[in-house]
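Fold and geometry: a report
Residue-level listing of the chains:
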Amino acid sequence: MPVGDVFSHGWRGAFFTGRIERGTVRPGDDVEIVGFGRAGSGEVTAVESFGEGLSEAAAGDNVAVWLRGLRPEDIQRGQVVAAPGTVTQHAEFEAQAHILSEEEGGRADTLAAYGKREAQFYFRTTDVTGRVHALLQDGTDALMAVRLAGPVPMAVGQRFAIRERGRGVGSGVVTMVLD
């Protein structure tokens, strides 16, 4: 589950909101927070949806999850909460991408300039700066190797968007994790 927002509630502790991508979560579950080079763990004390307590939440549910063992400053938007050991973070990957043409609202110059410029790669609920190191382009489709400024939770098959100067210029899917 990617973290969307983090909140603190005085004596009750920290909680975060987000949409569950896969699996289930129940009060009493041990979870791990992964992302941005940090990792932490805690115990789920409550799961709520629109103010109603739940005994279990499943993939597709928008929920608030209360944690024991973590402070609000230990969690931030873009990290992922998962069962311990199921999610890893990486900074280098290969991807298959579609780069928008100028007519589609994308770049006016060639993608070869990416090796000298940085772009924002948007994964789940966060974006991170990255640089394309290797590129094979066939029209608007490309195979690329990317190095991000910092590690983010990712896996093969993970989709992402490419943004430059505040606008979308492409999208892709991770085909191989390199680190």
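Quick look at the structure, then.

Glancing now at the overall build of the protein. The secondary structure content of the protein amounts to 0 helices and 15 strands. Classification of the 179 residues of the protein by burial places 40% in the buried group. Summarising the internal contacts of the protein: among those between residues at least 6 apart in sequence, 62% fall at separations of at least 24. When the accessible surface of the protein is totalled, it reaches about 9,300 Å², and 49% of it is carbon and sulfur.

In terms of strand pairing, strand S4 (residues 30–35) meets strand S5 (residues 38–49) through 6 bridges, oriented antiparallel. Bridge pairing in S5 places aspartate 30 opposite glutamate 43. Pairing of S5 with strand S8 (residues 62–68), which is carried by 5 bridges, proceeds in the antiparallel orientation. Bridging from a neighbouring strand, valine 47 pairs with valine 65 of S8. Looking at chain direction, S5 and strand S6 (residues 52–54) are connected through 3 bridges and run antiparallel. By the bridge assignment, valine 47 is partnered in S6 with leucine 54. What sits between S5 and S6 in their antiparallel hairpin is a turn of 2 residues, with phenylalanine 50 showing a positive phi close to 55°.

Taken as a whole, this structure holds 7 aromatic pairs when the rule is applied. In textbook terms, an aromatic cluster arises when at least three aromatic residues are bridged by ring pairs, as seen for Phe93, Phe121, Phe123 and Phe160.

For the rest of this paragraph, the subject is the side chain of serine 49. Relative to the helices and strands, serine 49 resides in strand S5. At 3.2 Å, the side chain of serine 49 and the backbone oxygen of asparagine 62 are in polar contact. When neighbours within four sequence positions are excluded, serine 49 is seen to be in contact with Leu54, Asn62 and Val63.

Here we come to the nonpolar core. A general trend in soluble globular proteins is that nonpolar side chains are found buried together. Counting 20 residues, the largest nonpolar core has Phe93, Phe121, Phe123, Met144, Leu148, Phe160 and Ile162 as its most contacted members. Of all the secondary structure elements, the ones that give two or more residues to this core are strand S10 (89–99), strand S11 (119–123), strand S12 (126–138), strand S13 (141–153), strand S14 (159–164) and strand S15 (167–177). One finds Met1, Ile20, Leu70 and Ile75 within the second-largest nonpolar core, a separate group that totals 16 residues.

To continue, consider the environment of glycine 42. If you trace the backbone, glycine 42 turns up in strand S5. You can call glycine 42 buried: its relative accessible area is 12%. Apart from the residues lying within four places of it in its own chain, the contact partners of glycine 42 are Asp29, Asp30, Val31, Arg68 and Leu70.

Quick notes on the rules
Residues numbered from 1 in each chain as written. Predicted model: local features only at pLDDT ≥ 70, side-chain atom pairs only at ≥ 80, totals over all residues. Heavy atoms only, no water. Helix = DSSP H or I, 4+ residues; strand = E, 2+ residues; numbered from the N terminus. Buried < 20%, exposed > 50% of the residue type's maximum accessible area, 1.4 Å probe, protein only. Contact = heavy atoms within 4.5 Å. Areas by Shrake-Rupley, 256 points an atom, 1.4 Å probe, with all protein chains shown as cover. Pairing = 2+ DSSP bridges. Phe/Tyr/Trp six-rings, centres within 6.5 Å; stacked < 30°, edge-to-face > 60°. Polar contact = N/O pair within 3.5 Å; in protein donor to acceptor, adjacent residues only side chain to side chain. Core = buried A, V, L, I, M, F, W, Y, C linked by side-chain atoms within 4.5 Å.

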